[in-house]
Amino acid sequence: MGIVSPVGNELDEAWDNVCNGVSGIRIIDDFDTSTFPTRIGGTVANFNVEEYLTPKDARKMDPFVHYGIASAVKAIKDSGLEIAEENGHTIGVAMGAGIGGIKTIEDNHKKMLDGGARKVSPFFIPGSIINMTSGYVSILQHITGPNVSIVTACATSSHCIGFGGRMIAHGDADVMLAGGSEYATTPLAMGGFCSARAMSTRNDDPKRASRPFDIDRDGFVLSNGAGCVVLEELEHAKARGARIYAELIGFGMSGDAYHITLPPADGDGARRSMMAAIRDAGIDAADIDYLNAHGTSTPAGDIGESVGIRRAFGAAADKLMVSSTKSTTGHLLGAAGVAEAIFCIQAINRHVVPPTINLDNQDPACDLDYVPNTARDARVRTAISNSFGFGGTNGTLIFREFV
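Here's what I pulled together on the structure shown here. No experiment lies behind these values; they were computed from the predicted model shown. (Residues numbered from 1 in each chain as written. Predicted model: local features only at pLDDT ≥ 70, side-chain atom pairs only at ≥ 80, totals over all residues. Heavy atoms only, no water.)

## Notes on the overall build of the protein
Working step 1: Helix and strand counts for the protein come out as 13 helices and 14 strands.
Working step 2: Taken over the C-alpha trace, the protein has a radius of gyration of 20 Å; the compact-globule value for 403 residues is 22 Å, and the two agree within 12%.
Working step 3: Expressed as lengths along the three principal axes of its C-alpha atoms, the size of the protein is roughly 65 × 55 × 40 Å.
Working step 4: The proportion of buried residues among the 403 residues of the protein is 59%.
Working step 5: Of the contacts made within the protein by residues no fewer than 6 positions apart, 77% connect residues no fewer than 24 positions apart.
Working step 6: Accessible surface, the protein as shown: approximately 15,900 Å² in total, 52% of it carbon and sulfur.
Working step 7: Here the protein holds 34 positive side-chain charges and 47 negative ones, and the gap between their average locations is 3 Å. (Helix = DSSP H or I, 4+ residues; strand = E, 2+ residues; numbered from the N terminus. Rg over C-alpha atoms; globule rule 2.2 N^0.38 Å. Buried < 20%, exposed > 50% of the residue type's maximum accessible area, 1.4 Å probe, protein only. Contact = heavy atoms within 4.5 Å. Areas by Shrake-Rupley, 256 points an atom, 1.4 Å probe, with all protein chains shown as cover. Lys, Arg positive; Asp, Glu negative; His and termini not counted. Charge placed at Lys NZ, Arg CZ, Asp CG, Glu CD.)

Pasting the structure below:
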């Protein structure tokens, strides 16, 4: 596994901060936000792209690609996987983004307005299109198997993981690098979300702005980052003596067919996505110990998901531990699903459930155990992760302890 995030760029650092309730939300200071209703976000600190790319190559790519490459390099190193000419065709990459290279688009649009078409970089297109994370990872690591990108808004990286697993099950690859990346704290993206009134305006208290399931929540917090997991066919992993963190046992999807941004109040799309993953895993809802919620801190979204969870789990919902790590990281859009998958896998390995911070006054309409404010020691054998995106697209992953 590899991660780049507002709460840290190493697995242990990010996990410790999430469990200790250390928020990665701060004032955005890399452009003038003084006229924006929202001036906060989850930005990545202490990231040096030159650890992964030459300055010349880095200039050809949007920052979302930088983050994605870094997370993939970290994941490959963590896995101990050796990639060579003879096995490159058995390895694939499935990494996407929700928005992609919007910073590069903005920068080149300004260049064209200021100086004409000749000022537009020849690397504008290949540096900004969403499949270039998978493309560059493939090129840099000499990976010649499947090379794809899925784009499903905030469900992107969960879908990449789910489809990566299915590619392995179908025999298309022995190993898949799967995940996503995002860099969307730019003027245009921030302006768009502000105009939609989707984001928190708690600018005077950034670290308490993301507050899923709290009655005083007022919108999500936009964040940047990336994550990558190395999925591997079980016998292939055993044969090379790989450390196995967990098994991916279930993947489910659904469509709300309701609204471009809002979930249905009855949470039916979420319910069907979770039920599909549970069926795919061949388990009962009562077998699941922990659920990492999509939990974006929006008024409608948190209620819809909570209702969907209760409908999917029935009586088992009362014993289910639920938390939203977006309370610490903010919302990484296309990278959210993989970051939260990593936190689920860490919960299984560390026997700790991360908290939902800033949950001071729980919304009565959200009536589950959200592990408020303090991490909880618990034996987590099976964990489920939800990701929902604009357009009504939903994805759910289930991970189980490997024994």
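From this point, things continue past the structure.
## Some details on the pairing of strand E6 (residues 175-182)
Working step 1: Across the eight residues of E6, eight count as buried, placing the element largely inside the fold.
Working step 2: Bridging between E6 and strand E7 (residues 225-232) involves eight bridges; their strand directions are antiparallel. The residue bridging Leu177 from the neighbouring strand is Val230, located in E7. (Pairing = 2+ DSSP bridges.)

## Observations regarding the environment of Ile309
Working step 1: Following the sequence through the fold, Ile309 ends up in helix H11 (residues 299-313).
Working step 2: Among all residues touching Ile309, those that are not within four sequence positions of it are Met274, Leu291, Gly314, Ala317, Leu320, Val322, Leu368 and Asn386.

## A closer look at the nonpolar core
Working step 1: Ranked by internal contacts, the top residues of the largest apolar core, which has 44 residues, are Ile161, Val229, Tyr290, Ile342, Phe343 and Phe399.
Working step 2: Elements supplying a minimum of two residues to this core: helix H1 (11-19), helix H7 (156-170), E6, E7, helix H13 (336-350), strand E11 (352-353) and strand E14 (393-400).
Working step 3: Counting residues in each nonpolar core, the second largest holds 31 residues, with Ala72, Ile91, Ile130 and Leu177 among its members. (Core = buried A, V, L, I, M, F, W, Y, C linked by side-chain atoms within 4.5 Å.)

## Here we look at the environment of Gly337
Working step 1: Residue position: Gly337 is located in helix H13.
Working step 2: The exposure class assigned to Gly337 is buried, which follows from its relative accessible area of 0%.
Working step 3: Along the primary structure Gly337 and Phe220 are separated by 117 residues, whereas in three dimensions their C-alpha atoms are 15 Å apart.
Working step 4: Setting aside its immediate chain neighbours within four residues, Gly337 contacts Ser157, Ser158, Ser385 and Ser387.

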